[in-house]
Structures are given as C-alpha cells and as structure tokens.
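Letter by letter, the chains look like this.
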Amino acid sequence: QVQLVESGGGLVQPGGSLRLTCAASETIFAANPMGWYRQAPGKQRELVASLRSGRDPNVADSVQDRFSISRDNARNTVYLYMNNLKPEDTAVYYCYARIAPTTYWGQGTQVTVSS
C-alpha cells in the first residue's frame, strides 16, 4: 500500500509563493503519473498538474502561467511550485500517484490565500 505524505501548505498573502511536497513511501516508477489535484469548498476536485516520464508536464490552463511541477524520482517525491497566488487558489491540495489500476491519494494539505 503506497502512502503519500504532503507538506508545504499554509496561509499566504495574494501574490505570494508556496512549494508543496509529496513523498511516496515506496518506489514510484517514472512512467507512473504523479501530480496534484485540488478541491475548493463547494467545488469538484480538479487536476492541477501531473508528470510522468516521456511526456511534457500537464498543467491546468487556469494556473499554467503561475504553477509548475517537478519530480525527483530518486526520492519518489513530486513538487508543486505555486507563484503569484490568488484567493481563488484557496483549496485543499491532494497529491496522487497512479499505478494502474489503482490511484493512491495523500491526505491533503490546505492552501489559503488571503490578506
């Protein structure tokens, strides 16, 4: 059973930056997608960014100019870099790893953007 542990969330002012980190308890091969979803209150969970070997990063259009994703396969870790944060980015951010047919989820980390 793969466990994913997220860190790096918190309260940040508009225009600020955060880096989210997700560490897997087991080896996640580079060909298996890892990435991030988010869920704001009253809204559906949405894909933010994902990454797998051999493909360009997949970043949601709504954040493409502000967020980026990277992955350290040696550490089984994926990162989400969030810049110029806006209040509408406020959500719980969930890390995921896909090892077909199973998708594993982290417990979520809260990101709040507010002045």
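Look a little higher up for the structure.
Values in this document were obtained by computation on a predicted structure and should not be read as measured data. (Residues numbered from 1 in each chain as written. Predicted model: local features only at pLDDT ≥ 70, side-chain atom pairs only at ≥ 80, totals over all residues. Heavy atoms only, no water.)

> Would you mind going over the sheet that holds strand β3 (residues 18-24) in detail, with residue names and values included?
Pairing is antiparallel in the open sheet, where four strands are placed in the order β1-β3-β8-β7. Among the strands making up the open sheet, the edge pair consists of β1 (4-7) and β7 (67-72). On average, each strand axis in the sheet is inclined to that of its neighbour by 15°, with strand direction left out of account. (Pairing = 2+ DSSP bridges. Helix = DSSP H or I, 4+ residues; strand = E, 2+ residues; numbered from the N terminus. Axes fitted to C-alpha atoms, helices over the stretch in contact; angles between N-to-C directions.)

> Outline the nonpolar core, listing residues and values.
Counting 30 residues, the largest nonpolar core has Leu 4, Trp 36, Leu 80, Met 82 and Tyr 93 as the members making the most contacts within it. Going through the elements one at a time, β3, β4 (34-39), β5 (46-51), β7, β8 (77-82), β9 (91-99) and β11 (109-113) are the ones with two or more residues in this core. With residues up to four places along the chain from it excluded, the contact list for Leu 80 reads Leu 18, Arg 19, Leu 20, Trp 36, Val 48, Ala 49, Phe 67, Ser 68 and Tyr 93. (Core = buried A, V, L, I, M, F, W, Y, C linked by side-chain atoms within 4.5 Å. Buried < 20%, exposed > 50% of the residue type's maximum accessible area, 1.4 Å probe, protein only. Contact = heavy atoms within 4.5 Å.)

> Which residues make up the side chain of Arg 71, and what values do they have?
Note that Arg 71 resides in strand β7. In this structure, Arg 71 is buried with no salt-bridge partner, the nearest side chain bearing the opposite charge being Asp 72 at 8.5 Å. One polar contact links the side chain of Arg 71 to the main-chain carbonyl oxygen of Leu 51, over a distance of 2.8 Å. Among the polar contacts listed, one links the side chain of Arg 71 to the side chain of Asn 73, at a separation of 2.9 Å. Not counting the four nearest positions on each side in its chain, Arg 71 is found in contact with Ile 28, Phe 29, Ala 30, Asn 32, Pro 33, Met 34, Leu 51, Arg 52, Thr 77 and Val 78. (Lys, Arg positive; Asp, Glu negative; His and termini not counted. Salt bridge = Lys/Arg side-chain N within 4 Å of Asp/Glu carboxyl O. Polar contact = N/O pair within 3.5 Å; in protein donor to acceptor, adjacent residues only side chain to side chain.)

> Describe the packing of aromatic side chains, and please don't skip the residues or the numbers.
The full count for this structure, using the stated rule, is four aromatic pairs. Ring geometry for Tyr 37 against Trp 105: centres 5.3 Å apart, planes inclined by 70°, an arrangement best described as edge-to-face. Taken together, the residues Tyr 37 in strand β4 and Trp 105 in strand β10 (residues 102-105) connect sequence positions 68 residues apart. Relative to Tyr 81, the ring of Tyr 79 has its centre 6.2 Å away and its plane inclined at 35°; by these criteria the two rings are tilted. (Phe/Tyr/Trp six-rings, centres within 6.5 Å; stacked < 30°, edge-to-face > 60°.)

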